[in-house]
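Each chain, letter by letter, is given below.
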Amino acid sequence: MAKNFDLSQWARPEMLALKPYTSARDTFTATEGEWTFLDANENPNATAVNRYPDPNQTALKNVIANLRGCNEDQLLIGNGSDEVLDLIIRAFCKPYKDEIIIVPPTYGMYAVLADINSVGMIKVPLDTTFQLKPKEILDAVTPNTKAIFFCSPNNPSGNAFNPDDIQMLLENFDGIIVVDEAYIDFTDFPSWSEKQSNYPNLIVTQTLSKAFGLAGLRLGIAIASSEIIALLKRIKPPYNINSLSQQNAMEALRDTKTVNAQIAESISERKRLAQELNAFSWVVKIYPSDANFLLIKVDDAAKRYKELLALHIVTRDRSSQENCENCIRISVGTPQENNKLIAACKSLAV
Ligand SMILES: *Cc1c(COP(=O)(O)O)cnc(C)c1O
């Protein structure tokens, strides 16, 4: 049975009451035929981009909804998932009063977005195997806690969270739970969006920046109840996705065969990299990964990071993150790039 969730109790009243900006292209949407558009003060001389983009991204939404198996009214498209995450905080959290819970080590943007919006933050670190501590999270909830943010598979550790723990949070926390699935395409765990109808307080975010190879276009999505999506749509900037991004994404998403082959290669390369890196004596531990990167613990992260950099290989030292002392995060590259990494590692002093 679906959980009870009363959006009007959780969203900021001023966002629910907001009268959204109505753009010219919102009022009149026909794009074909003999129409003369004199409504938006555009330059009338045709180039590829002289007209404002579709504010509702209708055609692109149709493609993504088919791809992700959701309805179009359950889908919000943002200028990267970073915009989507920002909209969620602004829709639900009152500045200087409300707060979110995050579970470090986690994606850095949640804290930055909370700070930008003057929203408080409670940190409930993951355990040493980088799994959620659901009881501690629920204990940390206060009357001002509006949302819990986490990513699964997790960045920077790479593992997906135990589904029972996520379910426990969905069932026992009445506010918004944001499951950031930026790396969902690299894991066998199903997307939580499949459970959306049971949990009206769930917002799943995904991105076209990772598996789909479109980081430069800036396209992220939220999948949630049509009620939550309608609220987020009201507060999004009207023309948040430019026309070139909409067009390019439609073309790229038509070719799922290439993307799927690339995902399969990334997963097999991840396995190979883990095996090869494990052989080096200065590699202390390779954490299990459901993503397109590996977190590895080494003898001295600052030293190894610098040595690899001197060989023109750029990794990310994550040592400053909770439970990540001497940890380096390495993205899975092409087979050739991974060979370069292994060769560079072989040349490092023991
Ligand atoms: C890379 C990443 C994103 C992607 O953000 P975009 O703005 O869509 O590029 C989101 N969440 C996590 C956890 C990530 O690692």
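Our subject is the structure listed above.
Residues numbered from 1 in each chain as written. Predicted model: local features only at pLDDT ≥ 70, side-chain atom pairs only at ≥ 80, totals over all residues. Heavy atoms only, no water.

Asks: What exactly am I supposed to notice about the sheet that holds strand β5 (residues 176-180) here?
Replies: Paired through their backbone hydrogen bonds, the strands of a sheet run either parallel or antiparallel. Here we have 7 strands laid out as an open sheet, ordered β1-β7-β6-β5-β4-β2-β3, and mixed in their pairing. On the outer flanks of this sheet lie β1 (75-78) and β3 (120-123), each paired with one strand and no other. Here the average twist between neighbouring strands, direction ignored, is 25°. One ladder, built from 4 bridges, connects strand β6 (residues 202-207) with strand β7 (residues 220-223); its direction is antiparallel. Looking at the pairing, T207 lines up with G220 of β7. Sitting on the sheet, helix α9 (residues 226-235) is in contact with β1, β5, β6 and β7, with an inclination near 30° to β1. (Pairing = 2+ DSSP bridges. Helix = DSSP H or I, 4+ residues; strand = E, 2+ residues; numbered from the N terminus. Axes fitted to C-alpha atoms, helices over the stretch in contact; angles between N-to-C directions. Contact = heavy atoms within 4.5 Å.)

Asks: What am I meant to see in the sheet that holds strand β11 (residues 327-331) here?
Replies: Taken together, 4 strands build an open sheet; the order of strands is β8-β9-β11-β10 and the sheet is antiparallel. The sheet is open, and its two edges are formed by β8 (283-286) and β10 (316-317), each paired on a single side. One ladder, built from 2 bridges, connects β10 with β11; its direction is antiparallel. Bridging across to β11, D317 finds its partner in I328.

Asks: For this particular structure, what's the right way to read the packing of aromatic side chains?
Replies: Each aromatic ring pair is specified by the distance between its two centres and by the angle formed by the two planes. Counted by the stated rule, this structure contains 8 aromatic pairs. An angle of 80° between the planes, with centres 5.1 Å apart, marks the rings of Y183 and F293 as edge-to-face. Here the residue Y183 occupies a position in the loop between β5 and β6, and F293 occupies one in strand β9 (residues 293-298), the gap between them amounting to 110 residues. We classify Y183 as buried; its relative accessible area is 6%. Put simply, the rings of Y107, Y110 and F149 touch in pairs and so form one group of aromatic residues. If you follow R329 out to its NZ or CZ, it ends over the ring of F293, 5.7 Å from the centre. (Phe/Tyr/Trp six-rings, centres within 6.5 Å; stacked < 30°, edge-to-face > 60°. Buried < 20%, exposed > 50% of the residue type's maximum accessible area, 1.4 Å probe, protein only. Lys NZ or Arg CZ within 6 Å of the ring centre and 35° of its normal.)

Asks: Honestly, the side chain of Q131 in this entry has me stumped. Any pointers?
Replies: Tracing the sequence through the fold places Q131 in the loop between β3 and α7 (134-140). Of the residues examined, Q131 reaches a relative accessible area of 19% and is grouped as buried. In this structure Q131 touches L126, N159, A160, F161, N162 and D165, once residues within four positions along its chain are discounted.

Nothing here speaks to function; it is geometry throughout.
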